[in-house]
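# Notes for the structure review
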Amino acid sequence: TRESSQLFARALDELEPTPLTTQGTPRAPFSSPDGQWIGFIETIPITLKKVAITGGPTLRLCQLDGPSRGATWGDDDSIIFATALTATGLQRVSATGGESTILTTPNRERGESDHLYPHFLPGSQAVLFTITFTTGGIDASQVAVLDLRDVKSPPKILVRGGSQAQYVSSGHLVYTAAG
């Protein structure tokens, strides 16, 4: 049998959840900055989609070139995502859909394997992400920030030995390290 799953939303003052999707295999949900949309990955075929928080039809945004490795929705109405295809690094697409563009490519001369787990910083002018390396495993990972106003400049390394960083409203950076 074909695997299936659903996305639900539940208001905190209600007991019953509202189904957002009714078919397919949605995974890895993330929300728009205004909380009105839920972005997600459809696994068969691997596609980036969105659905209103109130439910309704799902809207296709773009085809992905491999399994998802994180996505983030900026207040500039763009979505930055990563996939398991190591040739592409971070990619961006409009939240209204269209063709994706490649933002970063792993630097093979430095031993980089991939760029994963993007997270917009407030103002959507920069994005945090994880750089993985061909040797050293997850302990060799680095948390970096890319200035989206100058994507040709190399990213700035913030943390060595960390991954999956997120900015929190207290002004702190939280990330995983050493398990």
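Quick summary incoming for the structure in this document. Since this is a predicted model, take the numbers as computed values, not measurements. (Residues numbered from 1 in each chain as written. Predicted model: local features only at pLDDT ≥ 70, side-chain atom pairs only at ≥ 80, totals over all residues. Heavy atoms only, no water.)

## Details of the packing of aromatic side chains
In total, this model carries 1 aromatic pair according to the counting rule given. Sitting over the ring of W37, K50 keeps its end group 4.3 Å from the ring centre. (Phe/Tyr/Trp six-rings, centres within 6.5 Å; stacked < 30°, edge-to-face > 60°. Lys NZ or Arg CZ within 6 Å of the ring centre and 35° of its normal.)

## Things to note about unusual backbone geometry
With an omega dihedral of -15°, the bond running from I44 to P45 counts as a cis peptide bond. Its location among the elements puts P45 in the loop between strand 4 (37-43) and strand 5 (46-52). Of note, the phi angle at A28 is positive, near 55°, even though the residue is not glycine. Locating A28 in the fold gives a position in strand 3 (residues 26-31). Non-glycine residue D77 carries a positive phi angle of around 65°. (Helix = DSSP H or I, 4+ residues; strand = E, 2+ residues; numbered from the N terminus.)

## Some words on the environment of F30
Relative to the helices and strands, F30 resides in strand 3. F30 sits in the buried class, given a relative accessible area of 11%. Other than its neighbours up to four places away in sequence, F30 contacts W37, I38, G39, F40, L48, A71, T72, W73 and I79. (Buried < 20%, exposed > 50% of the residue type's maximum accessible area, 1.4 Å probe, protein only. Contact = heavy atoms within 4.5 Å.)

## Section: the pattern of salt bridges
The full count for this structure, using the stated rule, is 3 salt bridges. Between R149 and D147 there is a salt bridge, with its nearest N and O atoms 3.0 Å apart. (Salt bridge = Lys/Arg side-chain N within 4 Å of Asp/Glu carboxyl O.)

## A few points about the pairing of strand 8 (residues 78-83)
With respect to burial, strand 8 is a largely interior element, 6 of its 6 residues being buried. Every second residue of strand 8 is oriented toward a common face, with S78, I80 and A82 on one face and I79, F81 and T83 on the other, all of them buried. The antiparallel hairpin formed by strand 7 (residues 68-73) and strand 8 contains 4 residues in its connecting segment, where D77 sits at a positive phi of about 65°. Where strand 8 meets strand 9 (residues 90-94), 5 bridges bridge the pair, whose relative direction is antiparallel. Directly across from I80, in strand 9, lies its bridge partner R92. Counted along the chain from strand 8 to the antiparallel partner strand 9, the turn is 6 residues long, and its residue G89 has a positive phi close to 65°. (Pairing = 2+ DSSP bridges.)

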